[in-house]
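Each chain, letter by letter, is given below.
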Amino acid sequence: MNPFISFMLRTFIAIPTAGFVWLISFFGFEQTLLASTGFSFVGGCLAYFVVKGIMQHRFIKNQGLTRREYKYIEKNLDEAKKKINRLTKALFSVRQVGMLKQNMEIARVARKIYRITKKEPKRFYFAERFYFYNLDSFVELAEKYSFLSSQPTKNVELNQALKETRRTMEEMRYSLEKDLQQILANDLDMLHLELDVAKHNMNTLKETRYLDESRKLK
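Residues numbered from 1 in each chain as written. Predicted model: local features only at pLDDT ≥ 70, side-chain atom pairs only at ≥ 80, totals over all residues. Heavy atoms only, no water.

Some words on the confidence of the model for the chain
1) Next: The predicted model of the chain has a mean per-residue pLDDT of 83, with 84% of residues at 70 or higher.
2) Next: The secondary structure element of the chain with the lowest average pLDDT is helix H7 (residues 185-217), at 55, and the one with the highest is helix H3 (residues 67-91), at 94. (pLDDT = per-residue confidence, 0-100. Helix = DSSP H or I, 4+ residues; strand = E, 2+ residues; numbered from the N terminus.)

A word on the packing of aromatic side chains
1) Next: Per the stated rule, a full pass over the model turns up 11 aromatic pairs.
2) Next: With centroids separated by 6.1 Å and ring planes inclined at 75°, the aromatic side chains of Phe59 and Tyr70 adopt a geometry described as edge-to-face. With Phe59 in helix H2 (residues 33-62) and Tyr70 in helix H3, this residue pair connects regions lying 11 residues apart in the sequence.
3) Next: Overall, Phe59 belongs to the partly exposed group, its relative accessible area being 22%.
4) Next: Residue class for Tyr70 comes out buried when judged on its relative accessible area of 9%.
5) Next: Over the aromatic face of Tyr174 sits the side chain of Arg173, whose NZ or CZ is 4.9 Å from the ring centroid. (Phe/Tyr/Trp six-rings, centres within 6.5 Å; stacked < 30°, edge-to-face > 60°. Buried < 20%, exposed > 50% of the residue type's maximum accessible area, 1.4 Å probe, protein only. Lys NZ or Arg CZ within 6 Å of the ring centre and 35° of its normal.)

Observations concerning unusual backbone geometry
1) Next: Residue Glu30 is not a glycine yet carries a positive backbone phi of 55°.
2) Next: If you trace the backbone, Glu30 turns up in the loop between helix H1 (3-28) and H2.

Some details on the nonpolar core
1) Next: Within the largest apolar cluster, 31 residues are counted, with the highest numbers of intra-cluster contacts made by Leu87, Ile113, Phe130 and Tyr131.
2) Next: When contributions to this core are tallied by element, the ones reaching two or more residues are H3, helix H4 (97-119), helix H5 (128-149) and helix H6 (156-183).
3) Next: Looking at this core, the element that brings in the most residues is H3, giving 8 residues.
4) Next: When residues no more than four places from it in sequence are discounted, the contact partners of Leu87 are Ile106, Ala110, Leu135, Phe138, Val139 and Ala142.
5) Next: Core analysis: the second largest hydrophobic core is formed by 5 residues, Val94, Tyr145, Leu158 and Leu162 among them. (Core = buried A, V, L, I, M, F, W, Y, C linked by side-chain atoms within 4.5 Å. Contact = heavy atoms within 4.5 Å.)

This is how it looks when you write it as structure tokens:
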């Protein structure tokens, strides 16, 4: 479920619960205004976190994960988010028009992989190469390139190093795209299967119509 919708749902349950607890405390048990407000606050918070726990449990179950696996994935995704922010900052700090398209594509694909995995944590295992290797390499290269390219004076050796880094990043961009394809591999397989079934059904329908028309002519 969308995080914002999930938050709003929990809030819409917690607020009426808090109001109901306040009414019961103040009128039913004749508590003071302060005490009723305190009970109301506790009741609302309790309802909020109970609903959050139930929703999270259902989400983890639907993903086919254990709670331990989910916590492990969430920890790695939190670390990856920080790395992607560093990567994006480094990429867009490079003031070179020739690299703008390449850098935008790298940032787009990296964020795409993260969003897909965040939405469906079970896909994390298909993207381990990205999270444990490619992302770290990209961050390191991008930050070094950003630092070196910002130097006011450049000698032959530095220019050669920058050129080599650009070439390496371009090669790694294709590796990044392969990571995205790996995550979507099952979806593509299912799509191909559905297309084959649809084509088979269409061919069967055409053959049936042809036979029907042939019988009518006879």
